[in-house]
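Listed below, chain by chain, are the residues.
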Amino acid sequence: MLVCIPEVLTKDEVAAIRSELDAAKWESGLKTAGPQAALVKNNRQLPPGSSLADKLGDRVLEGLSRNPIFMSAALPLKILPPMFNSYAGGESFGVHVDNAIRVVPGTPVRVRTDLSCTLFLSDPEDYDGGELVVEGYYGAQEVKLPAGDLVLYPSTSLHKVEPVTRGERVASFFWLQSMIRDDQHRSLLFDLDQTIQELGAEVGADHSAAVRLTGIYHNLIRAWADT
Ligand code: NI
C-alpha cells in the first residue's frame, strides 16, 4: 500500500526547516547505504545524529504525531530518527531495496523497516526530475508531492529516485516498524478505519453499526499487533 498524506508540515514549518537546511553542510549519502544501495546511490545527506538533524527530525516527528491519517496508515511502533537528503546537478538513487533492519544511532535498539517515508521539502516546480518511483503489485508509481506532503510505502518495494536535472530536491526520509507487520493486514486496517470515520461522520460515531465496526477494528489490532 502506497499512501500520500497532504500537509504533514505547514508551509511555515517547511520554510523554517528549509532555512536551516539551506545553510547546513551536507555529506555524501554513501555513509548510510548498504553494499547494494551504495552502487546506485548518488546524493547528499545531513550527517545523521548531528544536533541539527536531531532538532529538525523532532519537528518532523511532531508533524507526524498530530496527523491522524499517518497514524491510521502506519500504526507505528518504532520510528527511526528522520534524516534529510538533497539531490541536485543530476544526482539520483538507482533501483534498490532498503535494509530490513536498522539500528537507532547511538543505541542498541533495532528497528525492522516495514514502511519507508519521504517528506518532501521542495515544491515540484522548484526542480525537474527527482520523482520517487516505487514498484508495486500494479506496476511502478511515480511520486512527486508538494512541500510538506509525505508518501509512505512498503519497505519491501524496489524503488528509485530519478535524476534531478534542474534545481534542488530536498526531503526528509525515514523508516518505521509498524505494529502490524503484514502489509495486507495494515492496508485492511487502514481501509476499515477510514470507513469507520466516514460512517461516523454520516450517522454519528455512537450509531450501533459504527460501534460494532470500531470493536472489530480494535479486535483485529488485538489479533495482529506487535507491541
Ligand atoms: Ni530507499
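Just so we're clear, the structure is a prediction, and the values are computed from it rather than from any experiment.

1. A word on the overall build of the protein
A tally of regular secondary structure across the protein gives six helices and 16 strands. Relative to the 2.2 N^0.38 estimate, which gives 17 Å for 227 residues, the radius of gyration of the protein is 18 Å and therefore close to what a compact globule would have. Here the C-alpha coordinates of the protein stretch approximately 55 × 35 × 35 Å along the principal axes. Across the 227 residues that make up the protein, the buried fraction comes to 44%. Residue pairs in contact within the protein that sit at least 24 positions apart in sequence constitute 78% of those at least 6 positions apart. Mean positive and mean negative side-chain charge positions of the protein (21 and 30 charges, respectively) differ by 7 Å.

2. With respect to the domain arrangement of the protein
The domain architecture assigned to the protein consists of domain 1 (3-178) and domain 2 (183-224). Our count for the contact surface shared by domain 1 and domain 2 stands at zero salt bridges. Where domain 1 packs against domain 2, one counts three residue pairs in polar contact (both at pLDDT 80 or more). No other element matches helix H4 (residues 68-74), which puts four residues into the side of domain 1 that touches domain 2. For the side of domain 1 that touches domain 2, the residue count by class is seven nonpolar, two polar and one charged.

3. Overview of the coordination of the nickel ion
When a metal holds four donors in a tetrahedron, each ideal angle between them is 109.5 degrees; when it holds six in an octahedron, the ideal angles are 90 or 180 degrees. The protein atoms that coordinate the nickel ion are His96 (NE2), Asp98 (OD) and His159 (NE2), at distances spanning 2.1 Å. Written as a sequence motif, the donor arrangement for the nickel ion is H-x1-D-x60-H. As far as burial versus exposure is concerned, His96 and Asp98 are alike and both buried.

4. Section: the packing of aromatic side chains
The description of two aromatic rings rests on the distance between their centres and on the angle between their planes. In this structure the tally under the stated criterion is one aromatic pair. The ring of Trp175 has Arg102 lying over it, and the distance from NZ or CZ to the ring centre is 4.0 Å. For the cation-ring pair, Lys144 lies above Tyr127, with the distance from its terminal atom to the ring centre recorded as 4.4 Å.

5. Section: the sheet that holds strand E12 (residues 132-136)
Judged by pairing direction, the sheet is antiparallel, and its five strands sit side by side in the order E3-E7-E15-E12-E13 without closing on themselves. Sheet topology places strand E3 (41-42) and strand E13 (139-143) at the edges, where each strand pairs with a single neighbour. Looking at chain direction, strand E7 (residues 92-96) and strand E15 (residues 159-161) are connected through two bridges and run antiparallel. Paired with His96 across the two strands is His159, which belongs to E15.

6. What to know about helix H6 (residues 208-224)
Between its first and last C-alpha, H6 extends 24 Å over 17 residues, near the 24 Å set by a 1.5 Å rise per residue. Among all positions of H6, only Ala210, Tyr217 and Ile221 are buried. The arc enclosing the buried residues of H6, seen along the axis, measures out at 35 degrees, which places them on a common side. Exposed residues on H6 whose side chains face more than 90 degrees from its buried face are Arg212, Arg222 and Ala223. Looking at the packing, one finds that the buried side of H6 touches helix H5 (183-203).

7. Some details on unusual backbone geometry
Although it is not a glycine, Glu7 adopts a positive phi angle of roughly 50 degrees. Inspection of the secondary structure assignment puts Glu7 in the loop between strand E1 (3-5) and helix H1 (11-22). By relative accessible area, Glu7 is classed as exposed at 65%. For Leu75, which is not glycine, the phi torsion reads 40 degrees and is therefore positive.

8. Focus on the nonpolar core
Core analysis: the biggest nonpolar cluster contains 29 residues, and Leu21, Phe70, Phe84, Leu121, Leu150 and Leu152 have the highest contact counts within it. Broken down by secondary-structure element, the contributors of at least two residues to this core are E1, H1, helix H3 (51-65), H4, strand E10 (115-120), strand E14 (150-154) and strand E16 (164-178). Per element, the largest residue contribution to this core is five residues, and it comes from H3. With 13 residues, the next largest nonpolar core counts Ala37, Tyr127, Val143 and Val164 among its residues.

Basis of the calculations
- Residues numbered from 1 in each chain as written.
- Predicted model: local features only at pLDDT ≥ 70, side-chain atom pairs only at ≥ 80, totals over all residues.
- Heavy atoms only, no water.
- Helix = DSSP H or I, 4+ residues; strand = E, 2+ residues; numbered from the N terminus.
- Rg over C-alpha atoms; globule rule 2.2 N^0.38 Å.
- Buried < 20%, exposed > 50% of the residue type's maximum accessible area, 1.4 Å probe, protein only.
- Contact = heavy atoms within 4.5 Å.
- Lys, Arg positive; Asp, Glu negative; His and termini not counted.
- Charge placed at Lys NZ, Arg CZ, Asp CG, Glu CD.
- Domains from an automatic or database assignment.
- Salt bridge = Lys/Arg side-chain N within 4 Å of Asp/Glu carboxyl O.
- Polar contact = N/O pair within 3.5 Å; in protein donor to acceptor, adjacent residues only side chain to side chain.
- Nonpolar A, V, L, I, M, F, W, Y, C, P; charged D, E, K, R; others polar.
- Donors = N, O, S within 2.8 Å, 3.2 Å for Na, K, Ca; no water.
- Phe/Tyr/Trp six-rings, centres within 6.5 Å; stacked < 30°, edge-to-face > 60°.
- Lys NZ or Arg CZ within 6 Å of the ring centre and 35° of its normal.
- Pairing = 2+ DSSP bridges.
- Expected span 1.5 Å × (residues − 1).
- Arc of directions from axis to C-beta.
- Core = buried A, V, L, I, M, F, W, Y, C linked by side-chain atoms within 4.5 Å.

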